[in-house]
Amino acid sequence: MRYGILSDIHANLEAYEAVISALKEEQLDKLIIVGDIVGYGADPKECISLTKSLSAGIVCGNHDRAAAGFMDTNWFNDYARKAVLWTQSVLSEEEKQFLREPGLIFEDENIIAVHGSLDEPQKFNYIFEFDEADRTFLKMGKKPCFIGHSHSPAIIMKDRIKGINAIFKEEVELEEGRKYIINVGSVGQPRDGDNRASYAIYDVNSRKVTIKRIGYDVKKAQDKILDSGLPEILAYRLYEGR
Ligand code: ZN
């Protein structure tokens, strides 16, 4: 059983299509989208339509909820709020309904997935520090937990003897008796200084998780943002990967 796991597409169709086409080579059994299909980018309608064609397992992200009018935007920064309002203005009721539908947690026999954290999924907390990670570790069993939200790929492991550690590798073999949180990074707006789209593959039989990157037409995505009237910073940051 092989999973492809993506997050934080953020209405960037060029990045999304590049990842979906790379996944065609992966012989996947299941695709999981860990939230934030829209927000920031210029192609929310096209990204929703592509998502519908994929029959993926989906969890809801904070931008999806906000764009669907399901969450207030008080805590969003200025340009994120502007992007939410712009996205709301272009989406149909039916598209908003599609964003509203997914639950906050996806779980099956092999994995669990949540946009922010398992302890209070409705609050979309970030996991940056080990104590924040531990609140999710305490809520999970043996299955690896896949997250997004920070737009920076990361693998965090909890071991009964060594405690919590970050693993600085692109590929890790999950070991018995250890718990893992895997941040799959962002398809449409990476923030770790690498502007290529990020996603993860989990092969259940070999127990290997791999974080992969793929380049896409950043210029085209930027030009669409600049032409749409969205805040310009949302275009420039794509090139920086910040
Ligand atoms: Zn996001």
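So, here's what we can say about the structure. (Residues numbered from 1 in each chain as written. Predicted model: local features only at pLDDT ≥ 70, side-chain atom pairs only at ≥ 80, totals over all residues. Heavy atoms only, no water.)

1. Some details on the pattern of salt bridges
Reasoning step 1: In total, this model carries 20 salt bridges according to the counting rule given.
Reasoning step 2: Put simply, lysine 224 and aspartate 43 hold a salt bridge, and the shortest N to O gap is 2.7 Å. With lysine 224 in helix H7 (residues 218-228) and aspartate 43 in the loop between strand S2 (30-33) and helix H2 (44-52), the pair connects residues that are 181 residues apart, well separated along the chain.
Reasoning step 3: Among the charged side chains, a salt-bridge network with shared partners connects Arg2, Glu26, Asp203 and Lys212. (Salt bridge = Lys/Arg side-chain N within 4 Å of Asp/Glu carboxyl O. Helix = DSSP H or I, 4+ residues; strand = E, 2+ residues; numbered from the N terminus.)

2. Some words on the pairing of strand S11 (residues 197-203)
Reasoning step 1: Judged by how many residues are buried, S11 sits mostly within the fold: 7 of 7 residues are covered.
Reasoning step 2: Along S11, one buried face is formed by Ala197, Tyr199, Ile201 and Asp203 and the opposite face, lined by Ser198, Ala200 and Tyr202, is buried too.
Reasoning step 3: One ladder, built from 4 bridges, connects strand S1 (residues 2-6) with S11; its direction is antiparallel. Bridging across to S11, isoleucine 5 finds its partner in alanine 200.
Reasoning step 4: Here S11 pairs with strand S12 (residues 208-214) via 7 bridges, running antiparallel. Bridge pairing in S12 links aspartate 203 to lysine 208.
Reasoning step 5: Between S11 and S12, which follow one another and run antiparallel, lie 4 residues, and arginine 207 among them has a positive phi close to 60°. (Buried < 20%, exposed > 50% of the residue type's maximum accessible area, 1.4 Å probe, protein only. Pairing = 2+ DSSP bridges.)

3. Focus on the sheet that holds strand S5 (residues 112-114)
Reasoning step 1: In spatial order, the strands read S4-S5-S6-S10-S7-S8; together these 6 strands make up an open sheet with mixed pairing. The open sheet is flanked by strand S4 (105-107) and strand S8 (163-167), the only strands paired with a single partner. Direction aside, neighbouring strands of the sheet carry axes that sit 20° apart on average.
Reasoning step 2: Across 5 bridges, the pairing between strand S7 (residues 154-159) and strand S10 (residues 179-183) is antiparallel. Opposite isoleucine 156, over in S10, you have isoleucine 181 as the bridge partner.
Reasoning step 3: Most of the contacts of helix H6 (residues 130-137) go to S7, to which it runs at about 65°, and overall it touches strand S6 (145-147), S7, S8 and S10. (Axes fitted to C-alpha atoms, helices over the stretch in contact; angles between N-to-C directions. Contact = heavy atoms within 4.5 Å.)

4. Description of the pairing of S10
Reasoning step 1: With 4 of 5 residues buried, S10 is to be regarded as a mostly interior element.
Reasoning step 2: Note that S6 and S10 share 3 bridges and pair parallel. Across the sheet, the residue bridging to cysteine 145 is isoleucine 181, located in S10.

5. A few points about the environment of aspartate 134
Reasoning step 1: Within the secondary structure, aspartate 134 is located in helix H6.
Reasoning step 2: For aspartate 134 and serine 152, which are 18 residues apart along the polypeptide, the C-alpha to C-alpha distance reads 18 Å.

6. A short note on H7
Reasoning step 1: Along H7, the residues classified as buried are Val218, Ala221, Gln222 and Ile225. Within H7, the buried residues cover an arc of 100° as seen down the axis, which keeps them to one side. Set apart from the buried face of H7 by more than 90 degrees, the exposed residues are Lys219 and Asp227.
Reasoning step 2: Its buried side turned inward, H7 meets helix H1 (13-23) and helix H8 (233-240).
Reasoning step 3: Two residues or fewer after H7 comes glycine 229, characterised by a positive phi angle close to 90°. (Arc of directions from axis to C-beta.)

7. A word on a nonpolar patch on the surface
Reasoning step 1: Judged by side-chain polarity, Trp75, Tyr126 and Phe128 come together as a nonpolar surface patch covering roughly 340 Å² of accessible area.
Reasoning step 2: Position of phenylalanine 128 among the secondary structure elements: in the loop between S5 and H6.
Reasoning step 3: We classify phenylalanine 128 as exposed; its relative accessible area is 56%. (Patch = residues over 30% accessible without salt bridge, like charges linked within 9 Å, V, L, I, M, F, W, Y side chains within 5 Å. Areas by Shrake-Rupley, 256 points an atom, 1.4 Å probe, with all protein chains shown as cover.)

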